[in-house]
Amino acid sequence: TWHLKKIPQIVRERTFSLDSPKFEAKPELELNSVCGIECQRKLPVPSLSDLKNLLSYETVFENGTRTLTEVNVLGAVLDPAANTTTRRPLRRKRQIYGTDSRFSIYDKRFMTNFPFNTAVKISTGCSGILVSPKHVLTAAHCLHNGKDYVKGSKRLRVGLMKTKSRGSGRKRKGAKRSRREISTSDGLPSFQWTRVKSTHIPKGWFKGVSGDIALDYDYAVLELKRPHKRKYMELGISPTIKMMPGSMIHFSGFDNDRSGQLVYRFCSISDESNDLFYQYCDAEPGSTGSGIYLRLKEPNKKKWKRKIIAVYSGHQWVDINGEQQDYNVAVRITPLKYAQICFWIHGNDGNCTQG
């Protein structure tokens, strides 16, 4: 069941203009030198002033201008056991480079319907997920390498899967649907590209704040120039592994090795910290930024609902007991991150009190 939680408040304090970014960084689809499981265990609990600094954010607009917004955090519960991880026996049924357990979605009846139609393609080479009529959630490193914004992010675009294949034309009312309308001749989706109006990235992602890339803050929200009319997926607070049916997560994206295809996968989580999930879902670069979701029951209802509970960050080498192991890592939507992302979507915290 989805459990309602009281959400901290993110309150805008002041906004400053900054110099325009250079947009010269190279996109890095695989991150190195990040804080892994062992490192996470040793991290101190952030203080309230730390949180205010980490959750302040930059906004870049389509004309290249940039602002920094400082925030205050109200009602945050600082958990002294925040960064302890829950060790689970590793069931390595699906290694990252073992048997490929991904599914390519070819049939347009699935591709263009919920939940698969919430997956979008980002013009810098990543994936994302629709979280409102005008907003997309993705990974911060798809747009920024910790020091500068990546090439191509100045004229950022988002690709939404089209509901009709190219060349199918308009159909007469009452006419039978052709086979071509249901699935494209080559089995690949086509995209309708939309310009991005603005981008929000938490300050915790920038190297100057943390001294290193902080994977905990590898998320960003893009505001589209024009709203879409598709069903989007709501945000949810990430439950612990024990509270997930079969400890299973699901996500869809556009993996580079399956060019143009929508690729779906599911797997169980191997380990978790307060901010990250470590898992062995098969995923190649290109799927980075995908929204990870669960399907749980609504409180006091018989209805089931899918919600986004994490953002897929990518493949990582992680130090465990002095040895390097590889995982695919996802950034969990904690109550604080829920408050921030919800604030970016609505422009205030009035709609973000319960998660």
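Residues numbered from 1 in each chain as written. Predicted model: local features only at pLDDT ≥ 70, side-chain atom pairs only at ≥ 80, totals over all residues. Heavy atoms only, no water.

As a further point, take the pattern of salt bridges. Under the counting rule described, the total for this entry stands at 10 salt bridges. One salt bridge connects K134 with E223, and the closest N-O pair in it is separated by 3.3 Å. Highlighted residues: K134 in the loop between β7 (127-130) and β8 (135-138) and E223 in strand β11 (residues 220-224), separated in sequence by 89 residues. With a relative accessible area of 28%, K134 lands in the partly exposed category. D275 is the salt-bridge partner of K337, the closest N and O atoms lying 2.6 Å from each other. Of this pair, K337 sits in helix α6 (residues 335-346) while D275 sits in the loop between β14 (262-272) and β15 (276-279), and the two are 62 residues apart along the sequence. (Salt bridge = Lys/Arg side-chain N within 4 Å of Asp/Glu carboxyl O. Helix = DSSP H or I, 4+ residues; strand = E, 2+ residues; numbered from the N terminus. Buried < 20%, exposed > 50% of the residue type's maximum accessible area, 1.4 Å probe, protein only.)

Even without glycine at this site, F23 takes up a positive phi of about 55°. Looking at where F23 falls in the secondary structure, it is placed in the loop between β1 (9-18) and α1 (37-42). Residue class for F23 comes out buried when judged on its relative accessible area of 10%.

In the sheet, strand β6 (residues 119-122) pairs with β7 via 3 bridges, with the strands oriented antiparallel. Along β7, the bridge assignment pairs V120 with G128. Joining the antiparallel neighbours β6 and β7 is a turn of 4 residues, in which G125 adopts a positive phi near 110°. (Pairing = 2+ DSSP bridges.)

A full pass over the atoms with the stated rule returns 10 aromatic pairs. Three or more aromatic residues joined by ring pairs make a cluster, and in this case those are Y57, Y217, Y219, F343 and W344. For the cation-ring pair, R157 lies above W193, with the distance from its terminal atom to the ring centre recorded as 4.7 Å. The ring of F114 is capped by K231, whose NZ or CZ atom sits 4.4 Å from the centre of that ring. (Phe/Tyr/Trp six-rings, centres within 6.5 Å; stacked < 30°, edge-to-face > 60°. Lys NZ or Arg CZ within 6 Å of the ring centre and 35° of its normal.)

This part takes up the pairing of β11. Here β11 lies mainly inside the structure; 5 of its 5 residues are buried. Here 4 bridges tie β8 to β11, and the two strands are oriented antiparallel to one another. Within β11, the position partnered with V136 by the bridge is L222. Sheet analysis places strand β10 (residues 191-202) next to β11, joined by 4 bridges and oriented antiparallel. When the bridges of β11 are listed, V196 appears paired with L224.

It is worth spelling out α6 at this point. Spanning 12 residues, α6 covers 16 Å between terminal C-alpha atoms, matching the ideal 16 Å at 1.5 Å per step. The element α6 is largely enclosed, with a buried count of 10 among its 12 residues. Three or more residues of α6 are buried, namely L336, K337, Y338, A339, Q340, I341, C342, F343, W344 and I345. Just past α6, the residue G347 takes up positive phi, approximately 80°. (Expected span 1.5 Å × (residues − 1).)

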